[in-house]
Amino acid sequence: MVLNLLFITTVIKSTFGVVTTGLWLIPLMLAAITYYRYDAVDPESRPLDQLNLFPEYDFIVVGSGSAGAVVANRLSEVRKWKVLLIEAGPDENEISDVPSLAAYLQLSKLDWGYKTEPSTKACLGMQNNRCNWPRGRVLGGSSVLNYMLYVRGNRNDYDHWASLGNPGWDYDHVLRYFKKSEDNRNPYLANNKYHSRGGLMTVQESPWHSPLVAAFVEAGTQMGYENRDINGAKQAGFMIAQGTIRRGSRCSTAKAFLRPIRSRKNFHLSMNSHVTRVIMEPGTMRAQAVEFVKHGKVYRIAARREIILSAGAINTPQLMMLSGLGPRKHLEKLGIRVLQDLPVGENMQDHVGMGGLTFLVDKPVAIVQDRFNPTAVTFQYVLRERGPMTTLGGVEGLAFVHTPYSNRSRDWPDIQFHMAPASINSDNGARVKKVLGLKESIYQEVYHPIANKDSWTIMPLLLRPRSRGSVKLRSANPFHYPLINANYFDDPLDAKTLVEGAKIALRVAEAQVFKQFGSRLWRKPLPNCKQHKFLSDAYLECHVRTISMTIYHPCGTAKMGPAWDPEAVVDPRLRVYGVRGLRVIDASIMPTISSGNTNAPVIMIAEKGADLIKEDWLTNPEYKVKRQTQARDAQTAGSNIQGIITLPNASSNISHSDSSNLSDRSNIESHSSNSSLINNSNFSNFSNFSNISHINNNISNIDSSSSSNFTLNYVDS
């Protein structure tokens, strides 16, 4: 019992830093899980952190999130290939397994803790006008922090990608990759031609529902929308949400794709490893090695074939720019040598939502934290894999609707609804307001008067924003958080579309089916919007700009496109333009954001990207590896890199659509000559690296002028 208590305290402190009364449920849950030891009966145990690394691998994958875990799994299926997966964070813990506790992981040590730059157009109700942007810093990445909603997007999204000059990315081609990873356990969907069984990623409904979600779906039918599988033939409609859960617990990509391969001899995993740059081979512009910091030591590991960046739409562009790949003016301003002038970090898109729309009910049918008996709820979850703790972060219902700004004759809705049997007030201010970063004055005036009251919400979110944001470096220091400009509502039509979505949400809530619960809108106006008539278009737009919520879907910062697209960073085979042996496989490559939650589309991108790599290296004679020295395997990770890859000559006539390993375009100036300026000590900006193992997790607040100085102490693996 003493060991159990020590374990509980350690996990809570390591995850949240403190133990507060707001976490009343977690100790009981952890005690139960510790006693029953879910992992002990799980057929796949946790992956191992490899301490003795090889000096060289065939493939190095940076980032173990929704994409990287998939890529590492699929590449290591080829037994002759050695694969290294590098993750900046630790493994998942017991708290991350519980679907309803998703909010408790945000702002924890498993979260990068990013914030957007201050805005005058959005996030006006958040502290310092900055929205929190949670990103997973953990094995499994943001699939460990997200709300587990399984939404593939719309057929038209992918047909549009193909029309932009990306062959093979239309819906008919990518559908098989959605199905490849899916193990759908909903009986009414399993035999549908749009779904499959037997994949590694489990998809199913939560086993527990409130009566409100049934009313939500019925309200949609009363408005003329069908109750349909939104991942099937058509998207417009209402349904009970599907999620990536298994036996009532979260099924992250780490659990689905990494645990089954933990014993593969050709697969290594390095956790708590912060990648600082990709090293280019002088004179050839080939991605040669990855440099990363682990436990205060710097490692350099070579890649014989390719390096794959799967660090996500924030960290992938950051790493590319730190490596000299990015906008020339921006990199030169920071003193970074430009190896390839590319629009890295541009074209950023996200689904922005309107939070705070609250409806009160008279019956005890919603999730109110203080009403649940912690012991009963916990053991219902542990013993029966059921109960309110299995809800998908609290979200129960999904819908896709058309505003007047979309063409109803085409099945391409422009607004999505997330329906939850709770709202900002439901936890008495314990967690939700902190996760949002909501200003205390707004919470106290609007939501505190109804704290712990039964309530529910509909959150409308904008599916295809016209506004574009960006990610830029704060400094040349790889441990300074990047500058994130979400640029929400830069195009005024985005706010107007979301206002129309809010008006549809209000009509849904007024449906006859909700009358049985005494449902009514909480009509307390936001203090900064009182000058407008309540619920007028002007008021709703003020609300949209005040409680602007990220839906955690940043993408597009390394855009996929043909050679003639000046905004493209990677080609349709996901190879970085002008660089050999470097690909991007994650949400960064999306030309335009998919219509819905992005976790499933990113897994699809990873499945297809891994197949592209296999196709290139297993079937294309242009891709071959030449071994220069047999002594290389005896070298250490800190030694000079001598592995040479023989690739097509840059001057040879290579078509853009073939499978060669050099992705080039005729209208890009070659910067290969600059690569000769890069050597193995290209950290000239940093000369002292004394406190590398104690870097403050809140680095985003560090002024860019205060760059740390580093000393690189190379180690033998």
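Anyway, here's the lowdown on the structure attached to this text. Note that this is a predicted model, so its numbers are computed, not measured. (Residues numbered from 1 in each chain as written. Predicted model: local features only at pLDDT ≥ 70, side-chain atom pairs only at ≥ 80, totals over all residues. Heavy atoms only, no water.)

**Some words on the overall build of the protein chain**
A count of helical and extended segments in the protein chain gives 18 helices and 28 strands. Considering the protein chain as a whole, with its 717 residues, one finds that 63% of them fall into the buried category. For the protein chain, the computed accessible surface area is about 25,800 Å², with 50% contributed by carbon and sulfur atoms. (Helix = DSSP H or I, 4+ residues; strand = E, 2+ residues; numbered from the N terminus. Buried < 20%, exposed > 50% of the residue type's maximum accessible area, 1.4 Å probe, protein only. Areas by Shrake-Rupley, 256 points an atom, 1.4 Å probe, with all protein chains shown as cover.)

**Some remarks on the sheet that holds strand β8 (residues 242-243)**
As summarised here, the arrangement of the three strands in space is β5-β6-β8, forming an open sheet in which the pairing is mixed. Because the sheet does not close on itself, it has two edges, and the strands there are β5 (182-184) and β8. Of the pairings in the sheet, the one linking strand β6 (residues 201-205) to β8 comprises two bridges and is antiparallel in character. Paired with Gln204 across the strands is Gly243, a residue of β8. Each of β5 and β6 is contacted by helix α7 (residues 171-181), which is oriented at about 65 degrees to β5, the strand it contacts most. (Pairing = 2+ DSSP bridges. Contact = heavy atoms within 4.5 Å. Axes fitted to C-alpha atoms, helices over the stretch in contact; angles between N-to-C directions.)

**Looking at the side chain of Thr390**
Within the element layout of this structure, Thr390 appears in the loop between α13 (374-384) and β19 (397-401). Residue Thr390 is classed as buried on the basis of its relative accessible area, which comes to 0%. Looking at Thr390, its side chain comes within polar contact range of the main-chain oxygen of Gly387, at 2.7 Å. Those residues within four positions of Thr390 in sequence are excluded, and the remaining contacts are Pro99, Ser206, Pro207, Trp208, Ile245, Gly248, Tyr381 and Glu385. (Polar contact = N/O pair within 3.5 Å; in protein donor to acceptor, adjacent residues only side chain to side chain.)

**Observations concerning the pairing of β19**
Looking along a regular strand, one sees the side chains alternate between the two faces of the sheet. Burial analysis of β19 places five of its five residues in the buried class, which makes it a mostly covered element. In β19, alternate side chains face the same way, and those of Gly397, Ala399 and Val401 on one face and Leu398 and Phe400 on the other are all buried. Two elements, strand β7 (residues 237-240) and β19, share four bridges in a ladder whose sense is antiparallel. The partner of Gly237 across the bridge, within β19, is Phe400. Relative to strand β20 (residues 415-420), β19 is paired through five bridges, and the arrangement is antiparallel. Residue pairing for β20: Leu398 is matched across the bridge by His418.

**Description of the pairing of strand β13 (residues 286-294)**
Burial analysis of β13 places nine of its nine residues in the buried class, which makes it a mostly covered element. Alignment of strand β12 (residues 273-281) against β13, held across eight bridges, turns out to be antiparallel. Residue pairing in the sheet places Val278 in a bridge with Val290 of β13. The loop that links β12 with its antiparallel partner β13 comprises four residues; one of these, Gly283, has a positive phi angle of about 85 degrees. Joining the antiparallel neighbours β13 and strand β14 (residues 297-309) is a turn of two residues, in which His295 adopts a positive phi near 50 degrees.

**Notes on the packing of aromatic side chains**
Any aromatic ring pair is given by two values, namely how distant the centres are and how the planes are angled relative to each other. For the structure on display, the rule yields 19 aromatic pairs. With a centroid separation of 6.1 Å and 40 degrees between ring planes, the pair formed by Tyr147 and Tyr552 is classed as tilted. Here Tyr147, found in the loop between β4 (132-133) and α6 (155-163), pairs with Tyr552, found in the loop between β25 (548-550) and β26 (582-584); they are 405 residues apart in sequence, far enough to count as distant. Put simply, the rings of Phe59, Trp81, Trp617 and Tyr623 pair up and form one aromatic cluster. (Phe/Tyr/Trp six-rings, centres within 6.5 Å; stacked < 30°, edge-to-face > 60°.)

**What to know about the environment of Met320**
Locating Met320 in the fold gives a position in helix α11 (residues 312-322). Classification of Met320 by relative accessible area gives buried; the value is 1%. When the C-alpha atoms of Met320 and Ala558 are compared, they prove to be 9.4 Å apart, with 238 residues separating the residues in sequence. Contacts of Met320, omitting those with residues within four sequence positions, involve Leu309, Leu325, Val344, Ala558, Val569, Val576 and Val584.

**Examining the nonpolar core**
By size, the foremost hydrophobic cluster in this structure holds 94 residues, and its most contacted members are Ile60, Trp169, Leu258, Ile307, Leu309, Met320 and Leu582. The dominant element in this core, judged by the number of residues it contributes, is helix α18 (residues 599-619), at nine residues. Setting aside its immediate chain neighbours within four residues, Leu258 contacts Pro47, Ser64, Ala69, Ala72, Leu85, Leu139, Thr253 and Phe267. In terms of nonpolar packing, the next biggest core, distinct from the first, is built from 85 residues, Met126, Ile415, Trp456 and Phe489 among them. (Core = buried A, V, L, I, M, F, W, Y, C linked by side-chain atoms within 4.5 Å.)

**Concerning the pattern of salt bridges**
Summed over the entire model, instances satisfying the criterion amount to 39 salt bridges. Notably, a salt bridge pairs Asp58 with Arg304, separated by 2.9 Å at the nearest N-O pair. Here Asp58, found in strand β1 (residues 56-62), pairs with Arg304, found in strand β14; they are 246 residues apart in sequence, far enough to count as distant. Across the pair, exposure class does not vary: Asp58 and Arg304 are buried alike. Residues Glu117 and Arg130 are paired through a salt bridge, measuring 3.8 Å at the closest nitrogen-oxygen approach. (Salt bridge = Lys/Arg side-chain N within 4 Å of Asp/Glu carboxyl O.)

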